[in-house]
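# Residue-level structural notes
What follows is each chain in one-letter form.
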Amino acid sequence: MALRKELLKSVWYAFTALDVEKSGKVSKSQLKVLSHNLYTVLHIPHDPVALEEHFRDDDDGPVSSQGYMPYLNKYILDKVEEGAFVKEHFDELCWTLTAKKNYRTDSNGNSLLSNQDAFRLWCLFNFLSEDKYPLVMVVDEVEYLLKKLLGSLSLEMSLGELEELLAQDAQAVQTSGGLSVWQFLELFNSGRCLRGVGRDSLSIAIQEVYQELIQDILKQGYLWKRGHLRRNWAERWFQLQPSCLCYFGSEDCKEKRGTIPLDAHCCVEVLPDREGKRCMFCVKTASRTYEMSASDTRQRQEWTAAIQTAIRLQAEGKTSLHKDLKQKRREQREQRERRRVAKEEELLRLQQLQEEKERKLQELELLQEAQRQAERLLQEEEERRRSQHQELQQALEGQLREAEQARASMQAEMELKKQEAARQRQRIAELEEMQQRLQEALQLEVKARRDEEAVRLAQTRLLEEEEERLKQLMHLKEEQERYIEQAQQEKQELQQEMALQSRSLQRAQQQLEEVRQNRQRADEDVEAAQRKLRQASTNVKHWNVQMNRLMHPIEPGDKRPTTSSSFTGFQPSALARRDSSLKRLTRWGSQGSRTLSANSSEQKSLSGGGETPALASASQEDKRDPAPEN
């Protein structure tokens, strides 16, 4: 959260620098370039899609700081990781943008501040400024920073001198509550607070304060350090930060020789002089002990105190001494401000009480004057009342006499009223009797009305039942008509089906006729096959006789008959074919009766005729192998 606030301060200067017209808005093209540079210097992966989507070209007009903040927070600051970038480079980017517009140096080169010194003072201003925009540094922080810088120059400043310096900007301080960064830089460039200090001395002092406040270097300087292995002494340049003690080969900090990590378990101890070294002390860590030697006792005391401060910060879980001190100073200012506001409120309350007291005294004097006037008025009223009482008594006596006379007339009138009242009571009795008769008549009429209503309800109920029955009859009539229509449709479908069946019957009769013809042809084929079978059996018998003769063994002295003279028509291959044909015909003869009976049962369902497969194959075989002539 603290890092985000520090980054926002620098970005605010960059944004206001791009606001050339001072309207609080910046063009989208400039914001795109600024965002791209922030991605680069913060080492965040670029997201051009989000950048283009957030700053669409169809969204006319520039963007205000409130419009840019959502994108800055979501796509840039939320992705920042502490330690992943160099904050000084980030500050240099924002300083370059804002210095071009707002920082003006002397064209003759008489400015005390170089650009680097102005940049460091700008960073110090951002660090010590309040978290309110536009950014200002309160007088207390200005005094603190000036004392730091002058302390580095071995100078001092009193409170009166500071008031004189700020007298020229008193109106701006009173209006905004502090100095802006440009007024702060002008204070140094003018040389009013430096008492003739040279430019180089001022630059060194600014660098020291910058390293101390911004880079968290608590102390730096040369110390003698004893080696761990060779145990020799070497002079090193040391820099102390809250988390570590680094040492370099020289003051330019280019060649880093090592780092001593500091934590809550480390400690620093003063060592006695030995081996020709004086003002010695050591830093003990969990892994080893580092021995060092300062130039004098004062330096050793400063170093040991600074290292103990760093160890205390690590134990308290704090990363920066001056951030903690800044927060404490801010809390003290807030407490002073609260006390001042409470004191002013108390004074205001006392003033209000004094005014209330004076107002009450004035009211008391007015009440006393009013009381005196009331007493005078009361006396006058008393005299007037006495005179009125006398006049009233005289008037009452006259009225009493008139009342006596009126009483006598009233008594006579009362008698007449009593008589009238008797007549009225009699009339009331008659009216009550008439009212009773009217109520009875009314009850009878109400009863008749109720009977009539019951009869009307019964008629209504009968009409509803009759209407319901009528609806049921209509429904039945509709169903009957639907059934009649369905029956007609079914009748038409039956007629169509009968026509189809008649056509199917005709086709079946034709197929039956064709089957009968095929059966007749099959019978003729069977008779021909039987004739061929008989011929074949005759041939088989003949060939059996010939084979028996051929198989007879030849005895000595017998002459072997020649094939051409004895068996002129004998061919072994033809004989084998005829034998196989004969066997097939024998099988066909045994299966013929079964085939014919099966064909006769299937002829009713066949659609066309033709030869059976067995007979067809037999006829084809006969054509290939004709039976030999007898």
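Below is a summary of the structure that appears in this document.

Scoring rules and cut-offs
Residues numbered from 1 in each chain as written. Predicted model: local features only at pLDDT ≥ 70, side-chain atom pairs only at ≥ 80, totals over all residues. Heavy atoms only, no water. Axes fitted to C-alpha atoms, helices over the stretch in contact; angles between N-to-C directions. Helix = DSSP H or I, 4+ residues; strand = E, 2+ residues; numbered from the N terminus. Parallel < 35°, antiparallel > 145°, perpendicular 65-115°, else oblique. Contact = heavy atoms within 4.5 Å. Nonpolar A, V, L, I, M, F, W, Y, C, P; charged D, E, K, R; others polar. Salt bridge = Lys/Arg side-chain N within 4 Å of Asp/Glu carboxyl O. 1 Å grid on protein atoms, 1.4 Å probe; cavity = no way out; pocket = protein on both sides within 12 Å on 5 of 7 lines; lining within 4 Å. Points joined across faces, edges and corners; volume = space filled by probe spheres on them. Buried < 20%, exposed > 50% of the residue type's maximum accessible area, 1.4 Å probe, protein only.

Our next topic: the packing of helix α5 (residues 87–102) against helix α6 (residues 115–128). Where α5 meets α6, the closest approach of the two axes is 10 Å, and the angle between their N-to-C directions is 110 degrees. Taken as axis vectors, α5 and α6 run roughly perpendicular relative to one another. Contact residues: E88, D91, E92, C94, W95 and T98 in α5; N115, Q116, A118, F119, W122 and C123 in α6. Looking at the contact of α5 with α6, its residues break down into six nonpolar, three polar and three charged.

This brings us to the pattern of salt bridges. One side chain can pair with another of opposite charge once the charged atoms of both are near each other. For the structure on display, the rule yields 37 salt bridges. Among the salt bridges present, the one from E382 reaches R385, with a minimum N-O distance of 2.7 Å. One end of the pair, E382, and the other, R385, are both in helix α13 (residues 321–550), three residues apart, so they sit about a helical turn from each other.

So, on to the layout of surface pockets. Quantified by volume, the largest pocket comes out at close to 820 Å³. In terms of lining, the largest pocket is formed by 26 residues, of which the most central are E82, K87, I214, Q215 and D216. Ranked by the residues each element gives to the lining of the largest pocket, the list is headed by helix α1 (residues 2–18), at four residues. For the lining of the largest pocket, the class distribution of residues is ten nonpolar, eight polar and eight charged. Looking at the second largest pocket, its volume works out to about 460 Å³. Taken together, 17 residues make up the lining of the second largest pocket; nearest its centre are E130, V138, G177, R333 and E337. Broken down by secondary-structure element, the contributors of at least two residues to the lining of the second largest pocket are α7 (139–152) and α13. Take the lining of the second largest pocket: its biggest share by element is six residues, from α13. A breakdown of the residues in the lining of the second largest pocket according to their chemical character gives five nonpolar, two polar and ten charged.

Once that is clear, we can look at the environment of W122. Along the chain, W122 falls in helix α6. Residue class for W122 comes out buried when judged on its relative accessible area of 0%. Between the alpha carbons of W122 and V181 there is a distance of 6.6 Å; along the sequence they are 59 residues apart. W122 has contacts with S10, Y13, D91, C94, W95, T98 and V181, leaving out every residue within four places of it along the chain.

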